[in-house]
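Each chain, written out:
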Amino acid sequence: VALVILFRISNWSDLSASLVKFQPWTYAAIFGLTTVWLLIRALMWKLLINRPVKFSLAFWGLNVGYLLNNVLPLRAGEVGKSILVGQRSGVGIFHVLSTVVIERAFDLLFAAGMMMLTLPLALGMESARPIAIATLAVVTLGFVLLFVLSRNQGWVKRQAERLGARWNFFQRYVVPQVEALLGGLSVLQRPWRFLACFILIGLTWVVAVVQYYLALQVIAPGAPFWWGAFVDAGLAMGVAVPSAPAALGVWEASIVGVLAILKVDTSSALAYAIFMHFMQFVVTIFYSLAGVLVSGSKVGDLFV
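Structure report, in brief. The numbering scheme is per chain: residues are counted from 1 as the chain's sequence reads. Local features are withheld for residues below a pLDDT of 70 in this predicted model, meaning they are given only at 70 or higher, and side-chain atom pairs are given and counted only at 80 or more; totals for whole chains, interfaces and linings count all residues. Calculated side-chain values reflect all of the structure's heavy atoms, with hydrogen atoms and water omitted.

### Digging into the overall build of the protein
Phase 1 of the analysis: Segments assigned H or I by DSSP are reported as helices when at least four residues long, segments assigned E as strands when at least two residues long, and all are numbered from the N terminus. Helix and strand counts for the protein come out as 13 helices and zero strands.
Phase 2 of the analysis: Taken from the N to the C terminus, the helices and strands of the protein come in the order α-α-α-α-α-α-α-α-α-α-α-α-α.
Phase 3 of the analysis: Within the protein, the proportion of its 304 residues that are buried is 46%.
Phase 4 of the analysis: Contact definition: two residues touch when any of their heavy atoms are within 4.5 Å. A separation threshold of at least 6 residues defines the contact pool for the protein, and within that pool the share at least 24 residues apart is 71%.
Phase 5 of the analysis: Summed over its atoms, the accessible surface of the protein is roughly 14600 Å², and 71% of this surface lies on carbon and sulfur atoms. Burial classification: accessible surface area is computed with a 1.4 Å probe over protein chains only, and a residue below 20% of its type maximum counts as buried, one above 50% as exposed, and the rest as partly exposed. The Shrake-Rupley method, run with a 1.4 Å probe sphere, supplies the accessible areas, and residue values consider only the shown protein chains as cover.

Spelled out as structure tokens, the structure:
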């Protein structure tokens, strides 16, 4: 629906003219920066897992997750990469899945923070301030809850075992997974490792902002650097809720909506959104398929 609306309100000739503005150097720059982004994100995830997991497995698993997100709905790739890394490392699926929850919380925290920082610079966007504040409050509350759970694992386990004593199914299938999930939260009890993860994920956001800023120069020459942060934050908040595969439509609508506030015409904004989304497809597909070849797996194994 979002795509239909976007294409109906865009001028096809202007859209085509905007798309051809992206030169080979732009494709190469975005590909290279996205690669750096993936490497830093994989290192952060490896530290977050807090178990002996190879960097290569974290990197390939991360890309497989993005590939699955591109073809399956509801962010199924988050579960897919947890299964892949959890099984191959022996760490456990639910342990890895708990780190994905922390990673998503980090992302929403940075997105809300950047939105609040750039809102004063984006005129006419005061209506979005409550959304950013609410997101920041919810994420902060979520971090506090995760920290409390990690500090009171004994109590949580006792409650789970108490329920398990009543229901055999709960005891057999749920209690072991509760222990695995709690184990994944152990990084919250290690301040230096937690700080290292926070800094690394912050670096990924810096790299992402640079990407969006460079590509913006094609459709809006001379745009200030903070535009890249504003677009990145707006996109992150727009696609936060699980939707169609690859957030198709929602991704484009989020970017067009944010750029409309910055007075960029719809056709140029849509061309920009299509280019950035296309590059995300290309990079994740390239590295995920490379990972399949390196690991000796089959493409079909990713969807089983």
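### Concerning the packing of helix α3 (residues 24–49) against helix α4 (residues 55–71)
Phase 1 of the analysis: Axes, fitted as lines to C-alpha atoms, cover a helix only where it is in contact. Angles between the N-to-C directions of the axes lie from 0 to 180 degrees. Two elements in contact, α3 and α4, have axes separated by 9 Å at closest approach and are oriented at 115 degrees. Considering only the axes of α3 and α4, their crossing is right-handed. Where α3 abuts α4, its residues Trp37, Leu38, Leu39, Arg41, Ala42, Leu43, Trp45 and Lys46 lie against Phe55, Ala58, Phe59, Gly61, Leu62, Asn63 and Tyr66.
Phase 2 of the analysis: Class assignment for the residues of the contact of α3 with α4 results in eleven nonpolar, two polar and two charged. Less than a right angle of anticlockwise turn of the near helix away from the far helix marks a crossing as left-handed, whereas a clockwise turn marks it as right-handed. Only Asp, Glu, Lys and Arg are considered charged in this grouping, and only Ala, Val, Leu, Ile, Met, Phe, Trp, Tyr, Cys and Pro are considered nonpolar; every other residue, Gly among them, is considered polar.

### Brief notes about the nonpolar core
Phase 1 of the analysis: We define a nonpolar core as any set of buried Ala, Val, Leu, Ile, Met, Phe, Trp, Tyr and Cys residues linked to one another through side-chain atoms lying within 4.5 Å. Ile255, Leu259 and Tyr272 are the most contacted members of the largest nonpolar core, which has 70 residues in total.
Phase 2 of the analysis: Breaking this core down by element, the ones donating at least two residues are α3, α4, α6 (93–118), α10 (191–219), α11 (226–238), α12 (250–261) and α13 (266–295).

### Quick notes on the side chain of Asn63
Phase 1 of the analysis: Assignment of secondary structure puts Asn63 in helix α4.
Phase 2 of the analysis: For Asn63, a relative accessible area of 0% translates into the label buried.

### So, the pattern of salt bridges
Phase 1 of the analysis: Any Lys or Arg side-chain nitrogen found within 4 Å of a carboxyl oxygen on Asp or Glu counts as a salt bridge. What the rule picks out here adds up to five salt bridges.
Phase 2 of the analysis: Note that Lys81 is salt-bridged to Glu78, the shortest N-O span being 3.3 Å. Within this pair, Lys81 and its partner Glu78 are both found in helix α5 (residues 76–89), separated by three residues, close to a single helical turn. Across the pair, Glu78 and Lys81 agree in class, each one buried.
Phase 3 of the analysis: Here Arg104 and Asp107 are joined by a salt bridge, their closest N and O atoms 3.7 Å apart.

### A few points about the packing of aromatic side chains
Phase 1 of the analysis: Classification of ring pairs uses Phe, Tyr and Trp, with its six-membered ring standing for Trp, and accepts pairs whose centres are within 6.5 Å; under 30 degrees between planes counts as stacked, over 60 as edge-to-face, and the remaining range as tilted. With the rule as written, the count across this model stands at 16 aromatic pairs.
Phase 2 of the analysis: Taking 4.2 Å as the distance between ring centres and 10 degrees as the angle between the ring planes, the aromatic pair formed by Phe22 and Phe275 counts as stacked. Placement of Phe22 in the loop between α2 (12–19) and α3 and of Phe275 in helix α13 is noted, with a sequence separation of 253 residues between them. Judged on exposure class, the residue Phe22 and its partner Phe275 are both buried.
Phase 3 of the analysis: Aromatic pair Phe59 and Trp60: ring centres 5.0 Å apart, planes at 65 degrees, arrangement edge-to-face.
Phase 4 of the analysis: When its relative accessible area of 22% is taken as the criterion, Trp60 is described as partly exposed.
Phase 5 of the analysis: Following the ring pairs from residue to residue traces out a cluster consisting of Phe31, Phe55, Phe59, Trp60, Phe286 and Tyr287.
Phase 6 of the analysis: Counted as over-ring charges are cases with an Arg CZ or a Lys NZ within 6 Å of the ring centre that also lie within 35 degrees of the ring normal. When the ring centre of Trp45 is taken as origin, the NZ or CZ atom of Lys81, which lies over that ring, is 4.9 Å away.
Phase 7 of the analysis: The side chain of Lys81 reaches across the aromatic face of Tyr66, ending 5.7 Å from its centre.

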